[in-house]
Amino acid sequence: MARLKKPNLDSVTTINVDGSHFSPQPADVKGRFTSMRRWFGLILLVVYVALPWIQIKGYPALFFDLAHRRFHLFGLTFLAQDLWLAFFVIAGLGLGLFYVTSMFGRLWCGWACPYTVFLEHVYRRIERWIEGDAAARRKLEQAPWTGDKVVKRVVKHSLFILVALIIANVFLSYFVSLSSLYEYVKRPPLENAKAFGVVMFLTLALYFCFSWFREQFCIIICPYGRIQSALTDDNTMVIGYDTRRGEPRGRGEDSGYGDCVNCQRCVQVCPTGIDIRNGLQMECIGCAACVDACDAIMKRLDRPKGLVRYDSLVGLNGGRTRYLRPRVIVYTVALVLGFLAMIYLLSGLHSVFADVNRMKGQPYYVTEAGVRNQYQIRLMTKLNEPTTFRIQVVDAPDGLVLSGFDEEIILEAQSEGVRPFLAMIPTDKYAGQFELKLLIKAMPGNDELTKSVKFLGPSAYVIRESTVEKVAK
Ligand code: SF4
Ligand code: SF4
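Just so you know, these numbers come straight off a predicted model, no measurement behind them.

### Things to note about the overall build of the protein chain
Of regular secondary structure, the protein chain possesses 17 helices and 16 strands. In terms of overall size, the protein chain is more extended than a compact globule, its C-alpha atoms giving a radius of gyration of 33 Å where 473 residues would be expected to give roughly 23 Å. Sorting the 473 residues of the protein chain into buried and exposed places 24% on the buried side. In the protein chain, of all internal contacts separated by at least 6 residues, the share reaching a separation of at least 24 is 68%.

In structure tokens:
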């Protein structure tokens, strides 16, 4: 039987001396954290699959409609013009992650990262189901290619590919909607070559990652894992081994031993193959499997749990963890301010859009009839139903005449329209440039927008002088 490589601090456990990959086979573990993680992972998986099915205001709850450059998030619709809001979303997510990391270390990695969720709660479970526990899997790995091994491997990898295909299709549905995805699936692949290519690429990438690459993604590639040490400090909650209590490790009657009986259970269950007793390591994804494994041993030995536990490095060394620290305060203040700013900006977001611009050509025309400006109004609705726009001029100066101006414009669902119109004011009423204010009301939704555009013209004096001259002639 293959021997486990002994974890050490000089090299990554899952990389052999010759550079080849050593695939750890973590042993099964039971315990409170394992159960909680399993339930949490299940909830996340359900959410991932269910979101494209849940309809809010006629759209999937989360729908990145790239083809129409519209993004639907839980009933809110964002157009390309609203893209600046992405700054708050990205900054908020980044700061949120910084905050959680500075407080709780790699909680995200072990509990919520999609990679961990799929690997631990889907792929490893399939593997466990087909090939048995860790010892059986290691034995199978070393066994010659018998009929039984071939069947097990074919079934396992077929299921791996099938699951990767499902994950990739669900992922695509976030961008094209379920109905379009269904249409794509019914038609020959080359009719929708781009979508087909994306699904195939994702399927292969997922299959590669979850069937072979596995923990190496977290150890070698993930940038979040790389910046951990910059985000944490000695008061950050991590998973650690209580050296003061556990050492010297060993078993037997000798009263000089600490609580660690050197049973290696914490090493056997670790998905990244490390020994947490060597101290905090970059490879630790905070999955808490070693906590449950050690607690079970301590329970069996009738010793207090928590030899391996969630604690800060300060706490593990017998000190008192400081939760309120400058970096935590800074992250909290930044998060709260960013959140408040986003709420404020979102409250001003409309389901319709309007813009009034001057038409190409001269800024204004002076004729016998008066001074004339030419405009165009651009309207857009994010609603999933026909939208009626009612437009009226507010505080119109005396004598203003609008032509080609529709007081009511109806747009199809999720569409936009442009209407040109003229504004003219007779010479004798013209008193100089002014702001043309439009009040735009949209139904349904009762959205109200106010738009202003400058009415340009020469000075009133010049107009009057030229009129007097003409009369004199
Ligand atoms: S599981 Fe606990 S007792 Fe066993 S080796 Fe690990 S730390 Fe020591
Ligand atoms: S050391 Fe413990 S918490 Fe860290 S990855 Fe291994 S089992 Fe999970």
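### Observations concerning the nonpolar core
Among the nonpolar cores identified, the biggest contains 30 residues, and Ile 239, Cys 266, Ile 276, Ala 289, Cys 290 and Val 308 are the most heavily contacted of them. Among the secondary structure elements, those contributing two or more residues to this core are helix 9 (216-221), strand 6 (237-241), helix 13 (265-268) and helix 14 (289-300). Broken down by element, the residue count for this core peaks at five residues, all from helix 14. If we ignore the near neighbours within four places in the chain, the residues touching Ala 289 are Pro 26, Val 29, Thr 34, Val 269, Cys 270 and Pro 271. Counting 17 residues, the second largest nonpolar core, distinct from the first, contains Leu 379, Met 380, Ile 425 and Ile 440.

### Concerning the sheet that holds strand 13 (residues 408-411)
Read from one edge to the other, the open sheet built from four strands follows the order 13-11-15-16, with strand pairing classed as antiparallel. Each edge of the open sheet is held by one strand with a lone partner, namely strand 13 and strand 16 (447-455). Across the sheet, the mean angle separating the axes of adjacent strands is 25° when strand polarity is ignored.

### Focus on the site of ligand 2
The environment of ligand 2 is made up of 14 residues, and the closest members are Cys 270, Ile 276, Cys 284, Cys 287 and Cys 290. Of the residues in the shell around ligand 2, the class split is twelve nonpolar, two polar and no charged.

### Topic: the domain arrangement of the protein chain
Assigned domains of the protein chain: these are domain 1 (1-349) and domain 2 (352-472). Using C-alpha coordinates to define each centre, domain 1 is positioned 57 Å away from domain 2. Looking at the side of domain 1 that touches domain 2 residue by residue, the classes come out as two nonpolar, four polar and two charged.

### So, the packing of helix 4 (residues 114-131) against helix 6 (residues 147-176)
Interaxial distance between helix 4 and helix 6 falls to 9 Å at its minimum, and their mutual angle equals 155°. One element, helix 4, and the other, helix 6, form an angle in the roughly antiparallel class. Crossing handedness for the pair helix 4 and helix 6: right-handed. Mapping the contact onto sequence places Phe 118, Val 122, Tyr 123, Ile 126, Glu 127, Ile 130 and Glu 131 in helix 4 and Lys 152, Val 155, Lys 156, Leu 159, Phe 160, Val 163 and Ile 167 in helix 6. Residues belonging to the contact of helix 4 with helix 6 are distributed by class as follows: ten nonpolar, no polar and four charged.

### Quick notes on the sheet that holds strand 4 (residues 70-73)
Spatially, three strands are ordered 3-4-5 in an open sheet, and the strand pairing comes out antiparallel. A strand with exactly one partner marks an edge of an open sheet, and here the two such strands are strand 3 (62-65) and strand 5 (76-79). For this sheet, the mean inter-axis angle between neighbouring strands, taken without regard to orientation, is 10°. Where strand 3 and strand 4 come together, four bridges link them in antiparallel fashion. Within the sheet, the bridge partner assigned to Phe 63 lies in strand 4 and is His 72.

### Points about the environment of Leu 79
Position of Leu 79 among the secondary structure elements: in strand 5. Placed 40 residues apart in sequence, Leu 79 and Leu 119 show a C-alpha to C-alpha distance of 35 Å. When sequence neighbours within four positions are dropped, the list of residues in contact with Leu 79 reads Arg 69, Arg 70, Phe 353 and Lys 382.

### Concerning the site of ligand 1
Around ligand 1, the surrounding shell holds 16 residues, and the nearest of these are Cys 260, Cys 263, Arg 265, Cys 266 and Cys 294. If you list the elements that add at least two residues to the shell around ligand 1, you get helix 13 and helix 14. The dominant element in the shell around ligand 1, judged by the number of residues it contributes, is helix 14, at three residues. Residues of the shell around ligand 1, tallied by class, amount to ten nonpolar, three polar and three charged.

### Structural notes on the pairing of strand 4
Between strand 3 and strand 4, which follow one another and run antiparallel, lie four residues, and Arg 69 among them has a positive phi close to 50°. When strand 4 meets strand 5, the two strands line up antiparallel, connected through four bridges. Within strand 5, the position partnered with Phe 71 by the bridge is Phe 78. The hairpin formed by strand 4 and strand 5 contains two residues between the paired strands, and Phe 74 there has a positive phi angle of roughly 45°.

Calculation notes
- Residues numbered from 1 in each chain as written.
- Chains lettered and ligands numbered in written order.
- Predicted model: local features only at pLDDT ≥ 70, side-chain atom pairs only at ≥ 80, totals over all residues.
- Helix = DSSP H or I, 4+ residues; strand = E, 2+ residues; numbered from the N terminus.
- Rg over C-alpha atoms; globule rule 2.2 N^0.38 Å.
- Buried ≥ 20, exposed ≤ 12 C-beta atoms within 10 Å, placed from the backbone.
- Contact = placed C-beta atoms within 7 Å.
- Core = buried A, V, L, I, M, F, W, Y, C linked by C-beta atoms within 7 Å.
- Pairing = 2+ DSSP bridges.
- Axes fitted to C-alpha atoms, helices over the stretch in contact; angles between N-to-C directions.
- Near = placed C-beta within 6 Å.
- Nonpolar A, V, L, I, M, F, W, Y, C, P; charged D, E, K, R; others polar.
- Domains from an automatic or database assignment.
- Parallel < 35°, antiparallel > 145°, perpendicular 65-115°, else oblique.
- Left-handed = near helix turned anticlockwise from the far one by under 90°.

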